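# Fold and contact review
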Amino acid sequence: MLHLHTATPGAPTARPELDSFISRVLACSLDIRSLWSLDHSPEEPCLATPPYQLLAFADLATLQALRRATDLHHEELNFLVVVDGDRFESAWGECKVSGSLARWAWRYVSTDEAYYDEARWDSRTSNAGGVVRLRRKALLVWKGAR
């Protein structure tokens, strides 16, 4: 059974256009175990506005199927797929990304919230060209019934 996850009673869910999109993705990718919204500041209580960044826990076959499903590709959405519990790759999106949840220091703080560290180029003049690590929050958008 597919259902959009609500973290706590009264907590905001995904925006309506994102709900519809997620339903379409899940209808053709039944092996997705959970879907997370990424790139939130620690203070952010709900999904932000576009561009969205989603992270799906699935497998390599799902990643390949999503890459072929060009009708799902959306320019305001970066879609990552975790293929083995740790390693992830872009299914589509502006940024072609691959990496590891372990390198991101991914940590669950509850069943519907996780934190991770993201490396970004530092734009401050005092450290121009340097890299900073930012603490970011991930929010559970959908979880399978398994």
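Model, not experiment: these values are computed from the prediction.

Turning our eyes to something else, we now look at the overall build of the chain. When helices and strands are tallied, the chain shows two helices and eight strands. Listed N to C, the secondary structure of the chain is α-β-β-α-β-β-β-β-β-β in terms of helices and strands. When the 146 residues of the chain are sorted by exposure, 43% land in the buried category. The contacts of the chain with a sequence gap of at least 6 include a subset with a gap of at least 24, amounting to 54%. Looking at the chain as shown, the accessible area adds up to about 8200 Å², and 53% of this sits on carbon and sulfur atoms.

Moving on, we get to the pairing of strand β2 (residues 52–57). Burial within β2 is extensive, with five of its six residues counted as buried. Relative to β2, strand β1 (residues 34–40) runs antiparallel, the two being bridged by four bridges. Bridge pairing in β2 links Ser37 to Leu54. Bridge count between β2 and strand β3 (residues 77–82): six bridges; the pairing is parallel.

What holds strands together in a sheet is hydrogen bonding between their backbones, with the strands either parallel or antiparallel. Ordered by their spatial adjacency, eight strands build an open sheet running β5-β4-β3-β2-β1-β8-β7-β6, and the pairing between neighbours is mixed. Of all strands in the sheet, those bounded by a partner on one side alone are β5 (98–100) and β6 (107–110). The average undirected angle you get between the axes of adjacent strands in this sheet is 30°. One ladder, built from three bridges, connects β6 with strand β7 (residues 113–121); its direction is antiparallel. Bridged to Arg107 within β7 is Tyr115. With respect to the sheet, helix α2 (residues 60–68) is in contact with β3 and β4 (87–92), its orientation differing from that of β4 by roughly 15°.

The next thing to look at is the side chain of Ser90. Position of Ser90 among the secondary structure elements: in strand β4. At a separation of 2.6 Å, a polar atom in the side chain of Ser90 contacts the main-chain amide nitrogen of Val97. Contact partners of Ser90, with chain neighbours within four places excluded, come to Leu63, Arg67, Phe79, Leu80, Cys95, Lys96 and Val97.

With that out of the way, let us pick up the environment of Arg24. Position of Arg24 relative to the elements: it lies in helix α1 (residues 16–28). Sequence separation between Arg24 and Asp71 is 47 residues, and the spatial gap between their C-alpha atoms is 9.9 Å. Every residue in contact with Arg24, bar those within four places of it in the chain, is listed here: Asp71 and Leu72.

On to the nonpolar core, then. Of all hydrophobic cores here, the largest spans 23 residues; its most connected members are Phe21 and Phe79. For this core, the secondary structure elements donating two or more residues are α1, β2, α2, β3, β4 and β8 (131–143). Per-element tally for this core: the top contributor is α1, with five residues. The contacts of Phe21, once residues within four sequence positions are left out, are Leu54, Leu72, Leu77, Phe79 and Trp92. Within the second largest apolar cluster, 14 residues are counted, among which are Leu101, Trp106, Ala114 and Leu140.

Here is what the cut-offs are and how they apply
Residues numbered from 1 in each chain as written. Predicted model: local features only at pLDDT ≥ 70, side-chain atom pairs only at ≥ 80, totals over all residues. Heavy atoms only, no water. Helix = DSSP H or I, 4+ residues; strand = E, 2+ residues; numbered from the N terminus. Buried < 20%, exposed > 50% of the residue type's maximum accessible area, 1.4 Å probe, protein only. Contact = heavy atoms within 4.5 Å. Areas by Shrake-Rupley, 256 points an atom, 1.4 Å probe, with all protein chains shown as cover. Pairing = 2+ DSSP bridges. Axes fitted to C-alpha atoms, helices over the stretch in contact; angles between N-to-C directions. Polar contact = N/O pair within 3.5 Å; in protein donor to acceptor, adjacent residues only side chain to side chain. Core = buried A, V, L, I, M, F, W, Y, C linked by side-chain atoms within 4.5 Å.

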